[in-house]
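Notes for the structure review
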Amino acid sequence: MSECLFCKILNNEIPSNRVYEDDYVYAFEDINPLAKEHYLFISKNHSENFNDLSSDDLVHIHQAIKKFTSGTKLETDGYRVVTNINSFGGQTVFHTHFHVLGGEQLKGFGV
Ligand code: AMP
Ligand code: ZN
């Protein structure tokens, strides 16, 4: 059994509020939202972070975010995509994830 928190979410061992899913990607609400809308997009394949993510999975996540936002206010108003990498990047969960933040005017580059 995986000890990875987000793999546990993928395996339904830990609950999450799903907002999007396809064959490759799962997305859910961040438990500690830093904007009115704050979602995490993860690949169903475990990788530690952006450095370890396959190019195929990067494409799948890109496509998923575009599908999810298409036709919504996120698309027209704008949003931010962030992936934190290792210590200086502020990464705390070591299963690659892309924060999607929006629903309000975001300030600066902090999340
Ligand atoms: P990072 O600091 O970039 O590694 O982001 C990890 C994110 O995971 C943080 O924004 C946390 O609020 C979020 N998080 C941690 N545990 C959970 C959980 N059980 N469900 C949803 N989001 C979580
Ligand atoms: Zn994992």
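Here we summarise the structure given alongside this text. (Residues numbered from 1 in each chain as written. Chains lettered and ligands numbered in written order. Predicted model: local features only at pLDDT ≥ 70, side-chain atom pairs only at ≥ 80, totals over all residues. Heavy atoms only, no water.)

1. Thoughts on the site of ligand 1
- The environment of ligand 1 is made up of 16 residues, and the closest members are Asp30, Asn84, Thr92, His97 and His99.
- Between an oxygen atom of ligand 1 and a main-chain N or O atom of Thr92, the distance comes to 2.7 Å.
- At 2.8 Å, a side-chain N or O of His99 approaches an oxygen atom of ligand 1.
- For ligand 1, whose unbound accessible area comes to 510 Å², protein coverage reaches 84%.
- Taken together, the elements giving at least two residues each to the shell around ligand 1 come down to helix 1 (5-10), strand 2 (25-29) and strand 5 (97-102).
- Among the elements that take part in the shell around ligand 1, helix 1 stands out by supplying three residues, more than any other.
- Among the residues forming the shell around ligand 1, the class breakdown is seven nonpolar, seven polar and two charged. (Near = heavy atom within 4 Å. Polar contact = N/O pair within 3.5 Å; in protein donor to acceptor, adjacent residues only side chain to side chain. Areas by Shrake-Rupley, 256 points an atom, 1.4 Å probe, with all protein chains shown as cover. Helix = DSSP H or I, 4+ residues; strand = E, 2+ residues; numbered from the N terminus. Nonpolar A, V, L, I, M, F, W, Y, C, P; charged D, E, K, R; others polar.)

2. Looking at unusual backbone geometry
- Positive phi is not limited to glycine here, since Asn12 has a value of about 60 degrees.
- Among the structural elements, Asn12 can be located in the loop between helix 1 and strand 1 (18-21).
- Of note, the phi angle at Asn86 is positive, near 55 degrees, even though the residue is not glycine.
- Summarising the element assignment, Asn86 is placed in helix 4 (residues 86-89).

3. Some remarks on the sheet that holds strand 4 (residues 79-82)
- Strand order in this open sheet of five strands is 1-2-3-5-4, and the pairing throughout is antiparallel. Edge positions in the open sheet fall to strand 1 and strand 4, since each of these has one partner strand only. Taken pair by pair, the neighbouring strands of this sheet meet at an average axis angle of 20 degrees, ignoring direction.
- Where strand 3 (residues 37-43) and strand 5 come together, six bridges link them in antiparallel fashion. Following the sheet pairing, Tyr39 is matched in strand 5 by Val100.
- Sitting on the sheet, helix 2 (residues 55-69) is in contact with strand 1, strand 2, strand 3, strand 4 and strand 5, with an inclination near 145 degrees to strand 3. (Pairing = 2+ DSSP bridges. Axes fitted to C-alpha atoms, helices over the stretch in contact; angles between N-to-C directions. Contact = heavy atoms within 4.5 Å.)

4. Observations concerning helix 2
- Its 15 residues give helix 2 an end-to-end C-alpha distance of 21 Å, which sits within 8% of 21 Å, the value for a rise of 1.5 Å per residue.
- Buried within helix 2 are the following residues: Asp57, His60, Ile61, Ala64, Ile65, Phe68 and Thr69. Around the axis of helix 2, the buried residues are gathered within 150 degrees of arc, so they sit on the same side. Facing away from the buried side of helix 2, by more than 90 degrees, are the exposed residues Ser55, Asp56 and Lys67.
- Looking at the packing, one finds that the buried side of helix 2 touches strand 1, strand 2, strand 3, helix 3 (73-77), strand 4 and strand 5.
- Immediately downstream of helix 2, the backbone of Gly71 shows phi near 80 degrees, a positive value. (Expected span 1.5 Å × (residues − 1). Buried < 20%, exposed > 50% of the residue type's maximum accessible area, 1.4 Å probe, protein only. Arc of directions from axis to C-beta.)

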